[in-house]
Amino acid sequence: MRTASTNEEAAETTGLRAVAWIIGDDDRAGRLLALTGLDADALRDGLGDRTVLAAVLAFLESHEPDLLACAAALETSPETLVRARAALEGSS
């Protein structure tokens, strides 16, 4: 079914865009690594891993100011970020 594939691709793209936004700020990137237990190598190696991308989006969800700022920077809604996390976790 084409819609599911498109939604999965969109969720992965959203996750990757969120990673790029997060690592653009050293303090935020450090918080991501500290709170997720990832290190820079694991994050880099996990960019194609849906679980890692879901963890990145969950990190944003856990701190509303970051969620809102990321959504604004990506010109999307906070709900889109939340839906992308759910899709990546397979719960959409």
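Quick notes on the rules
- Residues numbered from 1 in each chain as written.
- Predicted model: local features only at pLDDT ≥ 70, side-chain atom pairs only at ≥ 80, totals over all residues.
- Heavy atoms only, no water.
- Helix = DSSP H or I, 4+ residues; strand = E, 2+ residues; numbered from the N terminus.
- Buried < 20%, exposed > 50% of the residue type's maximum accessible area, 1.4 Å probe, protein only.
- Contact = heavy atoms within 4.5 Å.
- Areas by Shrake-Rupley, 256 points an atom, 1.4 Å probe, with all protein chains shown as cover.
- Salt bridge = Lys/Arg side-chain N within 4 Å of Asp/Glu carboxyl O.
- Axes fitted to C-alpha atoms, helices over the stretch in contact; angles between N-to-C directions.
- Parallel < 35°, antiparallel > 145°, perpendicular 65-115°, else oblique.
- Arc of directions from axis to C-beta.
- Polar contact = N/O pair within 3.5 Å; in protein donor to acceptor, adjacent residues only side chain to side chain.

The helix and strand inventory of the protein chain stands at six helices and zero strands. On the principal axes, the C-alpha backbone points of the protein chain span a range of 40 × 25 × 20 Å. Counting every position in the protein chain, which comprises 92 residues, the buried fraction comes to 34%. Looking at the protein chain alone, contacts between residues at least 24 apart form 60% of all its contacts between residues at least 6 apart. In the form shown here, the protein chain has an accessible surface area of approximately 5,300 Å², with 51% of it arising from carbon and sulfur atoms.

By the definition in use, this model includes six salt bridges. In this structure, Asp-41 engages Arg-44 in a salt bridge whose closest nitrogen and oxygen atoms are separated by 2.4 Å. With a gap of three residues between them, Asp-41 and Arg-44 both fall in helix α3 (residues 40–45), about one helical turn apart. Ionic contacts of the salt-bridge type, sharing partners, join the residues Arg-28, Arg-31 and Asp-66 into one network.

Our next topic: the side chain of Arg-28. With respect to the secondary-structure elements, Arg-28 resides in helix α2 (residues 26–36). According to the relative accessible area criterion, Arg-28 is buried, its value standing at 15%. Beyond its immediate stretch of four places on either side in the chain, Arg-28 contacts Trp-21, Ile-22, Phe-59 and Asp-66.

With that settled, consider the packing of helix α5 (residues 64–73) against helix α6 (residues 78–88). At a minimum axis separation of 8 Å, α5 and α6 run at an interaxial angle of 105°. Comparing the axis directions of α5 and α6 gives the class roughly perpendicular. Counting all contacts with α5, which are made through Leu-67, Leu-68, Cys-70 and Ala-71, the residues of α6 involved are Pro-78, Leu-81 and Val-82.

This brings us to α2. Because each turn of an α-helix spans 3.6 residues, side chains separated by three or four positions in sequence point in the same direction. Listed in full, the buried residues belonging to α2 are Arg-28, Ala-29 and Leu-32. Projected down its long axis, α2 shows its buried positions confined to an angular sector of 100°, all on one face. Residues of α2 that are exposed and angled more than 90 degrees away from the buried face: Asp-26, Asp-27 and Ala-34. One side-chain oxygen at the N-terminal end of α2 lies 3.2 Å from the backbone nitrogen of Asp-27; it belongs to Asp-25.

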